[in-house]
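Architecture at a glance
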Amino acid sequence: MTMPPSSKPDIYLRSLVRDDRQVILSTEGILCATTEELVNSRAFETVLGFYLDDLERHASPILARMAPDVTAPGGRRRLLSLLRNLSETRLENAARVAADGDHYLNDRRALHLFIEGFYDFWRAHDRYLICTSEQGPNSHDRRPYRTFNITVERLKHLVRALYRDICENITGDRLRIYRQVSAGCDVGIIAVQRQWPSTVGTVAGLDNIPFVRQVLINPPLIIDPPENRRTGEFLKVETNPLENLDLDPEQWLCYPAQVGPVVIFIYFNRRFMGLGCSLANLFELATDEQIASGPEAIYLYGVPSDQLGRYGDLPTVFFDDEANDLLIAAVPGEDRFGYFGYLKKMALTLHNVRVMKRGRMPFHGAMTRITLRNGRTASLLIMGDTATGKSETLEALRTLGRDSISDMTIVADDMGSLEIGSDGRVHGYGTEIGAFIRLDDLAREYAFNQVDRAIIMSPQKVNARVVVPVAFLEEVTAGYPVDYVLYTNNYEQVDPDHPIVDPLPTPQAALRVFREGAAMAKGTTTSIGLVHSYFANIFGPPQYRDMHEELAVRTFEAAFSSGAFFAQIRTRLALPGFEIEGPREAAHALFELISRDRS
């Protein structure tokens, strides 16, 4: 539902759109400056209408205590007028000029409960503010702090102040406890038009979609997307999935992402606003210069379903446009694809394909650079499938080595690439500045310590996730020589014949384990039981297996030749009762190995 037109244009907002539990406000950078302007705005009237509709639809008992015709057009107008007066004066005074004033004087508790419910109704929505402008010296992205201060920050204070003023004027008493809840918008975005050398001429409207240039988040941001797990793989197709697509620029935003060394323009439909905004905690925004140079891949998340129907029941697809040296990906705008994993993993798939074409081997894993207190360093790469204990083991290592490790620099949290350097050593690179982690698998103290920067998804569901920034782009893209390469085995119990750290003595032995890619599915996707995937990485390598195989053999042989240590590490993350203890014991064994080798 959209803010209705008015004979008196609202100077503050271009639009206000409500979609289920989401509200998106669009402005050109000017919002109300006072509570008087806020309560008299068309946006306030619109949200009040939404609330009355909701009460009527659910036959709320609070309506029985309001004026008899409060849901009728005339009753709504009178209630709106009363609330506007209540923002400035007490109920006794406001009632004198209100047609229904005596009713509320006789039951002011009903009006107070209505306002409390109205306030909660507004705050129950995921609320987003988009500040748009044209390019130029006065563009909002040139002064982002000022823009956010006069929009997002101001709105937060005004909504709280208006709520408190009205409540105090109804009850005749001052509040004694003040809760500084987030009452404005959860996320603010500055979006600006940018020119880039588009080669996707078959997509009408693509050039008019604004680019996200700055993002303001009020954490912890808690959203509940339609889905909480991912299904299937990303299919490489032989035709352009965006052929003859016609987009409405008002329904889309572009997040130009630096995915490691690859620039990907990620276009997301505003229907999935929360998921699109969550990219800010995962990938660094591309620079103006990178945008002007154009992308190496584009990804449209939320296209009309009929556009992709020809690709079958799971049309999560990408196309290798070799003529234009561009990868093009698309996922339908359906609730079943409303999970952050579809955004993240498709972007990483595109990254993996691009780096393979550059001669790098992509990996599905976590990599960190460890500095011991004695000054020695070691780069540790843990590879494996989703939910096998990669990040959990590294976080446990950080905790266990607190007295002996002076620094742990995260290079890759989930995906990266390996390249043979001029020195003959294999160097590792990452992709993300953030982590998308299962909430259940995190140590409690870590989860609580990071909540002030986190975006939390579906905390009440299985596979609840958190997106939290963990690294700087400079470290992610620096490239560090790899000293240890480990494959996470999350399904085997530890015994004398199956140690926690089980060395792989030759390139052939290591390649055999990595090719098999065994893992016990843990509910993060719809896979069940023990599964196998080539190099535990379905995101590019299987689609380009010949290219990847050549890169893998060359990379593994170079790593062994330069002295890198290869092994399986048994995290037992999929075994009941070992969700925390398994990665912790794996981290302890790793720390002993690193300390012994580096002493």
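Scroll up to find the structure this text is about.
For clarity, every value in this text was computed on a predicted model and none was experimentally measured.

Within the protein chain, the secondary structure is distributed over 17 helices and 27 strands. The C-alpha atoms of the protein chain give 27 Å as radius of gyration, which agrees with the globular expectation for 599 residues (25 Å, within 12%). Along the first, second and third principal axes, the C-alpha set of the protein chain runs to 90 × 55 × 45 Å. Residues counted as buried form 59% of the 599 residues belonging to the protein chain. Sequence-distant contacts, at least 24 apart, represent 76% of the contacts inside the protein chain between residues at least 6 apart. Accessible surface for the protein chain amounts to roughly 24,400 Å². Of this, 49% is attributable to carbon and sulfur atoms. Looking at the protein chain, you have 64 positive and 78 negative side-chain charges, and the mean spots of the two groups are 4 Å apart.

Right, let's get into the packing of aromatic side chains. In this structure the tally under the stated criterion is 22 aromatic pairs. Note on Tyr 299 and Tyr 301: the rings are 6.2 Å apart at their centroids and 65° apart in plane angle, and the pair reads as edge-to-face. Note on Tyr 301: relative accessible area 0%, which makes it buried. Residue placement shows Arg 123 over the ring face of Tyr 119; its charged tip is 5.2 Å from the ring centre. Across from the ring centre of Phe 436, 4.6 Å away, lies the NZ or CZ of Arg 465, which sits over that ring.

Residues in a regular strand project their side chains so that they alternate between the two faces of the sheet. The element strand 19 (residues 434–438) is extensively covered by neighbouring structure, given that 5 of its 5 residues are classed as buried. The alternating pattern of strand 19 places Gly 434, Phe 436 and Arg 438 and Ala 435 and Ile 437 on opposite faces, both of which are buried.

It is worth spelling out the environment of Gln 568 at this point. Along the chain, the position of Gln 568 falls in strand 27 (residues 565–570). Residue Gln 568 is classed as buried on the basis of its relative accessible area of 13%. Considering only alpha carbons, one finds Gln 568 and Met 383, 185 residues apart in sequence, at a separation of 9.4 Å. Ignoring sequence-local partners within four residues, the contact set of Gln 568 consists of Tyr 487, Asn 489, Ile 500, Val 501, Asp 502, Leu 504 and Val 513. Among the polar contacts listed, one links the side chain of Gln 568 to the side chain of Asn 489, at a separation of 3.2 Å.

Strand pairing within a sheet occurs via backbone hydrogen bonds; the two strands may be parallel or antiparallel. If you trace the 4 strands from one edge of the open sheet to the other, you get 6-20-21-19, paired in mixed fashion. Two strands bound the open sheet, and with one partner strand each, they are strand 6 (221–223) and strand 19. Averaged over all pairs of adjacent strands, the angle between their axes in this sheet comes to 20°, without regard to strand direction. As paired elements, strand 6 and strand 20 (residues 455–457) share 3 bridges and run parallel to each other. Each bridged residue has a counterpart across the sheet, and for Ile 223 the counterpart in strand 20 is Met 457.

Most of strand 14 (residues 361–372) is tucked away: 11 of the 12 residues are buried. Pairing analysis gives 4 bridges linking strand 14 to strand 17 (residues 415–420), with the strands arranged antiparallel. When the bridges of strand 17 are listed, Phe 363 appears paired with Gly 416. In this structure, the hairpin formed by strand 14 and strand 15 (residues 377–383) is closed by a connection of 4 residues, where Gly 375 is found at a positive phi of approximately 95°.

This part is about the nonpolar core. In this structure, Phe 283, Tyr 299 and Phe 566 are the most contacted members of the largest nonpolar core, which totals 82 residues. With 10 residues, the single largest contributor to this core is helix 11 (residues 340–357). Those residues in contact with Phe 283, other than ones at most four positions away along the chain, are Tyr 255, Ala 257, Gln 258, Val 259, Ile 266, Lys 344, Ala 347, Leu 348, Thr 431, Glu 432 and Ile 433. Judged by nonpolar contacts, the second largest core, of 54 residues, contains Cys 32, Leu 86, Ile 166 and Leu 216.

What follows concerns unusual backbone geometry. Omega for the bond connecting Pro 219 with Pro 220 falls within 30 degrees of zero, at -5°, which places this linkage in the cis form. One can find Pro 220 in the loop between strand 5 (211–217) and strand 6. At Ser 458, a residue that is not glycine, the phi angle is positive and equals roughly 50°. In this structure, Ser 458 sits in the loop between strand 20 and strand 21 (465–469). Taking the relative accessible area as the measure of exposure, Ser 458 reaches 2% and is therefore buried. Positive phi is not limited to glycine here, since Ala 536 has a value of about 50°.

Within this structure, the stated rule accounts for 34 salt bridges. Arg 76 serves as the salt-bridge partner of Glu 56, at 3.8 Å between the closest nitrogen and oxygen. Taken together, the positions of Glu 56 in helix 2 (residues 42–57) and Arg 76 in helix 3 (residues 73–86) put the pair 20 residues apart, joining distant regions of the chain. Taking relative accessible area as the criterion, Glu 56 reaches 43% and is therefore assigned partly exposed. The closest approach of N and O atoms between Arg 584 and Glu 581, which form a salt bridge, is 3.3 Å. Of the two residues, Arg 584 and Glu 581 both sit in helix 17 (residues 581–598), 3 residues apart, roughly one turn of that helix. The class for Glu 581 is partly exposed, based on a relative accessible area of 31%. It is possible to trace a salt-bridge network through shared partners that takes in Glu 296, Asp 325, Arg 354 and Arg 358.

Rules used throughout
- Residues numbered from 1 in each chain as written.
- Predicted model: local features only at pLDDT ≥ 70, side-chain atom pairs only at ≥ 80, totals over all residues.
- Heavy atoms only, no water.
- Helix = DSSP H or I, 4+ residues; strand = E, 2+ residues; numbered from the N terminus.
- Rg over C-alpha atoms; globule rule 2.2 N^0.38 Å.
- Buried < 20%, exposed > 50% of the residue type's maximum accessible area, 1.4 Å probe, protein only.
- Contact = heavy atoms within 4.5 Å.
- Areas by Shrake-Rupley, 256 points an atom, 1.4 Å probe, with all protein chains shown as cover.
- Lys, Arg positive; Asp, Glu negative; His and termini not counted.
- Charge placed at Lys NZ, Arg CZ, Asp CG, Glu CD.
- Phe/Tyr/Trp six-rings, centres within 6.5 Å; stacked < 30°, edge-to-face > 60°.
- Lys NZ or Arg CZ within 6 Å of the ring centre and 35° of its normal.
- Polar contact = N/O pair within 3.5 Å; in protein donor to acceptor, adjacent residues only side chain to side chain.
- Pairing = 2+ DSSP bridges.
- Axes fitted to C-alpha atoms, helices over the stretch in contact; angles between N-to-C directions.
- Core = buried A, V, L, I, M, F, W, Y, C linked by side-chain atoms within 4.5 Å.
- Salt bridge = Lys/Arg side-chain N within 4 Å of Asp/Glu carboxyl O.

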